[in-house]
Amino acid sequence: MSGSTQQTRRVILASLIGTSLEWYDFFLYTTAATLVFPKLFFPELDPFNATLASLTTNAVAFVARPLGGVVFGHFGDRVGRKTVLVVTLLVMGVSTFLIGVLPGYASVGVIAPILLAVLRFVQGLGLGGEWGGAVIMSLEHGDGRRRGFNASWPQVGVPAGYVLATGLLTLLSFVQSDAAFLSWGWRVPFLLSGALVFVGLWVRLKVTESPLFAEVEQQGAKAKMPLLEVLRTHPRALLSAFTARIGVDVAFYTFTAYIFLYITEVLGLPRSYALNAVLIGSALQLALIPLFGALSDRLGRRPVYLAGVVSAAVWVFAFFPLLDTKSFPLIALAAVVALITHAAMYGPQAAFIAELFSTRLRYSGASMGYQVAGIVGGALAPIIALKLFQTYQTTVAVSIYVVIALAVTALGLAIAPETRDLGLAAEPEPAPRDGVTGQVGPFA
């Protein structure tokens, strides 16, 4: 095995472990926001409004993520990918640990939900800078013919973090009474993050800087204001990254977050039905996401991505009827197939978005396009789904909402080039200034 291959594998492992820990922290909050926080931090509200308020604090992180993408993207393009990834892991780990020791409303009153929202905001900052760096480090190391496969491994951090977070919460809720779980049991996974972050740091400190960034640095070609240059030279890439992500987020958070509310509040079933169903689907994604990433190296990013979009748009109309059966095997089937469609989109997504931008602007451009879409997609999806069902009293309205979001994603794919064959070191071609042809270069 060559030293280059060893380093590539080390980088991929470091990215996978780091993103898994970051998403573990992130999903802990998302799950707790539906199961625990309404009662602990918003006890003065009725159940529906308490859940809505809890989901609103959850959405705060999605607002923070673009800011984190801007700040950490700037330093990632100016200072280097490796340094920034160490900082983002620390930011996420510390904020998650502090949530675990946060007093509830009964102890400090309204200060409790305020502090909760602040810490969730800090979590969002960390995750906003994490994704771009982890994906880019994996993409910029190794064989250019395997970029889809390599870049897909940080994406595996999503189901890995989800499995770890929900698995621990499921175990604790199973072995504890409801009173004990609400009192202190839910805090254990948050406190565990403080120990896990040191594992991630140890691994990340052992990797080398991206060779493409090192080349840009050696040439003295680093951008002075990366975000401004991205806005000026990559407008179509930003639009494509933004729109291509929206439907993926809406579908994912409908399949993995709104399902908890629907199963417990509407169907009156135990929360374990939703936890276990999504847990099974997420476990399968551990293998499926890199599989679809590798498939995009053979077939192209857009065909694989689009197949996932179409499949999710069709399946969402079967998803809720299967939940309505109240049969756990059929509920599990609904979640598993839903997350297979998500894996088909999510596997090639990392390479697709990162390849739209040139090396000197890649961290800022990819982070901005990806994270801004999270506000419209992930942050609002559970809230909109909740309000749609409350207003129309039918899941068809929720399914139509998901399909509209997926149609936006299909549009984002349509306006982008096939990125598999684009050179990573290439600079964007300038947009025409005569206003006649209306054509732009592949990176514009």
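Residues numbered from 1 in each chain as written. Predicted model: local features only at pLDDT ≥ 70, side-chain atom pairs only at ≥ 80, totals over all residues. Heavy atoms only, no water.

1. Regarding the overall build of the protein
For the protein, the count of helices and strands is 18 helices and 0 strands. Relative to the globule expectation of 22 Å for 444 residues, the C-alpha radius of gyration of the protein, 21 Å, shows essentially globular dimensions. Taking the principal axes of the C-alpha coordinates as reference, the protein spans close to 60 × 45 × 40 Å. Within the protein, buried positions represent 59% of all 444 residues. Counting only contacts in the protein whose residues sit at least 6 apart along the sequence, the fraction spanning at least 24 positions is 84%. Summed over its atoms, the accessible surface of the protein is roughly 16,400 Å², and 69% of this surface lies on carbon and sulfur atoms. Charge separation in the protein, taken as the distance between the mean sites of 29 positive and 23 negative side-chain charges, equals 3 Å. (Helix = DSSP H or I, 4+ residues; strand = E, 2+ residues; numbered from the N terminus. Rg over C-alpha atoms; globule rule 2.2 N^0.38 Å. Buried < 20%, exposed > 50% of the residue type's maximum accessible area, 1.4 Å probe, protein only. Contact = heavy atoms within 4.5 Å. Areas by Shrake-Rupley, 256 points an atom, 1.4 Å probe, with all protein chains shown as cover. Lys, Arg positive; Asp, Glu negative; His and termini not counted. Charge placed at Lys NZ, Arg CZ, Asp CG, Glu CD.)

2. Observations concerning the packing of helix α15 (residues 328-354) against helix α16 (residues 362-379)
Packed helices, taken two at a time, are described by the angle their axes make and the gap between the axes. With their axes 9 Å apart at the nearest point, α15 and α16 run at an angle of 130° to one another. Classified by the angle their axes make, α15 and α16 are oblique. When α15 is examined against α16, the residues Tyr-346, Gln-349, Ile-353 and Ala-354 are found in contact with a partner set consisting of Arg-362, Ala-366 and Tyr-370. Of the residues contributing to the contact of α15 with α16, the split by class is 5 nonpolar, 1 polar and 1 charged. (Axes fitted to C-alpha atoms, helices over the stretch in contact; angles between N-to-C directions. Parallel < 35°, antiparallel > 145°, perpendicular 65-115°, else oblique. Nonpolar A, V, L, I, M, F, W, Y, C, P; charged D, E, K, R; others polar.)

3. What about unusual backbone geometry?
In this structure, Lys-326 takes a positive phi of about 65° despite not being glycine. When you line up the elements, Lys-326 lands in the loop between α14 (301-324) and α15. Given a relative accessible area of 44%, Lys-326 falls into the partly exposed group. For Gln-393, which is not glycine, the phi torsion reads 55° and is therefore positive. Along the chain, the position of Gln-393 falls in the loop between α17 (381-392) and α18 (395-414).

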